[in-house]
Amino acid sequence: MSQRNENFFEQKKEWSKTKDEILGRYLKPYFQKLIARGKPICYVDCFAGKGLFDDGNFGSPLIALGCMDSAMQLAKNETDIYPYFIELNHHNDLKNNVDNFLLNSLGNKRLNGTVFPGKFEDNIDNILQQHLNSTIFLYVDPYGIKAIDVEKFNSFKLSENKSVEMLINFNTWGFFREACRVLKADFKLDDDMQKYLVEYDPNNDLSRDELCTIAGGDYWINIVNKYKNNCINATPKEKKRYANEAELELSKGIADAFKRKYKYVLNVPIKSSSNNNVPKYRLFHLTSHTSGCILMADGMYNAISDATIRMHNGQPTLFDLDTEGNLSLEDDIEKIILQEIKMKYEHIDELICRIFTDYGLIANSSKLREIMKKLEKDGNLEVWREPRMTKNGKLSSFMSEGKNQKVLVRRK
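Since this is a predicted model, take the numbers as computed values, not measurements.

*Asks:* Which residues make up the packing of aromatic side chains, and what are the values?
*Replies:* Taken as a whole, this structure holds 19 aromatic pairs when the rule is applied. Here the aromatic rings of Phe153 and Phe156 are separated by 6.2 Å at their centres, their planes lie at 35°, and the arrangement is tilted. Overall, the relative accessible area of 0% leaves Phe153 in the buried class. The class for Phe156 is buried, based on a relative accessible area of 6%. Between the aromatic rings of Trp173 and Phe187, the centroid separation amounts to 6.1 Å while the plane-to-plane angle is 10°, which identifies the pairing as stacked.

Dropping the structure here:
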C-alpha cells in the first residue's frame, strides 16, 4: 500500500495482517499450479509500500516473493516469473527491502523483483504490454480511492487464452464520504466511523465525474440520495444504520460493475474487531476461472475465521457466521443451493462460484459440497460423476472436481 502516512509502517495492524494473510494463502498454491503448467507468470503489486514494517512484519511484496520461492522450490520444472512492485512514495525503502530479502532470506538466484518508482497508472500499461503471453495477477491496495478505475480494470486485455486476475482493496467508506460531500448529504464522522478511514487520503476532493470513473458508473448517486432522504429527521443511531446499509449497497454496485468483465467477483469485508460488524474496507477478487474463485474464497473465509478467533483471544465463536457477520445456518444454505440449482446439468464448481458471487462467503467450499451431498442423499439433487465407478467396482461418491474426475449437478 502506497502511504504518505509514515506512522502506518511502524506497526502492522490486525486488519492488515488479515489482508496479507489472504494474499499469502492464495499465492502459494496459485504459483505452484501455474509453474506446473510451465507458463510465464507476471505478478504486479500496484501500490507496494515499503515491503517491510518497522516491527519486522512483512508487507505484501515480501510475502509474494516468499510464496514464489516456496513454489519454485517444490516445482519439478522451471517457469519464468516476473514480479513487479510499483510504489510512488517509498520506492527507495522498498527496493532496499526487496533486494535484502532476495539476497539474505531467499538466496534464490532465479528470482528477482523489479521496483518501478512512480504511479500505478503511469506504469501498468507498459508492464502488461510486455507480458501479453503471460498469466497476470494484479494486487491493488491503494492509499485512498483516487487511483481505482473500474472501467480501466475491466479493459485489460492479453493474448488469447491468457487471463488477468485481480485482488483489490476498495475503501468503500472513503468513497461514501466523498459521495456524501459531493451530493451534500449529512455524513459526520463519529469515533467509530473515523477509524475506518485510517488508510484513506482525506485530500482527494473528488468530483462527481471522478467518482463515476472510480465506481464504474453513476449507480452510487441513487444510493447516496436514498441515504440522504432517509436521514431527514432521523436519530444519530438511525443515521448510522442507514450509512451501513448504503455502504453494503455500494459494495454490491461495485461488484456488479466488475462483473461486466469478470465472471466471478468476490466481495468480502475486512473488519477491525470481532465486536464490530462494520467493514474496515472490502476486498474484491476478480477472475473468470472457477479454480481461482474457489481457492480465493476458501482462503478468505478461513483467514477471516482465524482472525476472528485471534480477536476472541483464541476462543472459537459460538455461532457460525458468514463474512458479513450474519448467522450462517445450514438450513439457510440449503435453501440458497436449491434456489441456484439449474434444471440442466452444470459443473459443481460453477454452482459454488455462482453462490459465492451472488450471496457472499456464506461457508467455505467444503461445507457447500458437504451440504450438496446431503441434498443428493435426501433426493433433492441429482449428481453425475465421472468416473461413475471406483477401482473396486463401487459407485463413486466424490464431490470435488479434478484433472481426472468431474461432478455435474442438476435439480431432481
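*Asks:* Talk me through the pattern of salt bridges; I want residue IDs and the actual numbers.
*Replies:* A full pass over the atoms with the stated rule returns 23 salt bridges. Here Arg25 and Glu21 are joined by a salt bridge, their closest N and O atoms 2.6 Å apart. A residue pair is termed a helical-turn pair when its members lie 3 or 4 positions apart in one helix, as Arg25 and Glu21 do in helix α1 (residues 14-37) at four residues. We note a salt bridge from Arg385 to Glu376, for which the minimum N-O separation is 2.8 Å. Since its relative accessible area comes to 5%, Arg385 is described here as buried. Overall, the relative accessible area of 24% leaves Glu376 in the partly exposed class. One network of salt bridges, in which partners are shared, links Glu178, Arg181 and Asp205.

*Asks:* Can you explain the nonpolar core? Please cite residues and give values.
*Replies:* Counting 69 residues, the largest nonpolar core has Leu27, Phe31, Tyr43, Leu65, Phe137 and Leu368 as its most contacted members. In terms of residue count, α1 provides more of this core than any other element does, nine residues in total. Beyond its immediate stretch of four places on either side in the chain, Leu27 contacts Tyr43, Ala64, Cys67 and Phe137.

*Asks:* Tell me about the sheet that holds strand β9 (residues 381-386), and please be specific about residues and values.
*Replies:* Reading across the sheet, the three strands line up as β8-β10-β9 and stay open at both edges, with antiparallel pairing between neighbours. Every other strand in the sheet has two partners, leaving β8 (346-347) and β9 as the edge strands with one partner each. Where β8 and strand β10 (residues 406-411) come together, two bridges link them in antiparallel fashion. The residue bridging Glu346 from the neighbouring strand is Val409, located in β10.

*Asks:* Could you give an account of unusual backbone geometry, naming the residues involved and the relevant values?
*Replies:* Residues apart from glycine generally show negative phi values, whereas peptide bonds are mostly found in trans. In this structure, the amide linkage connecting Glu386 to the following residue, Pro387, adopts the cis form with an omega of 0°. Within the fold, Pro387 resides in the loop between β9 and β10. Unlike most non-glycine residues, Lys184 shows phi in positive territory, near 55°. Note that Lys184 resides in the loop between α6 (172-182) and α7 (191-194).

Calculation criteria
Residues numbered from 1 in each chain as written. Predicted model: local features only at pLDDT ≥ 70, side-chain atom pairs only at ≥ 80, totals over all residues. Heavy atoms only, no water. Phe/Tyr/Trp six-rings, centres within 6.5 Å; stacked < 30°, edge-to-face > 60°. Buried < 20%, exposed > 50% of the residue type's maximum accessible area, 1.4 Å probe, protein only. Salt bridge = Lys/Arg side-chain N within 4 Å of Asp/Glu carboxyl O. Helix = DSSP H or I, 4+ residues; strand = E, 2+ residues; numbered from the N terminus. Core = buried A, V, L, I, M, F, W, Y, C linked by side-chain atoms within 4.5 Å. Contact = heavy atoms within 4.5 Å. Pairing = 2+ DSSP bridges.

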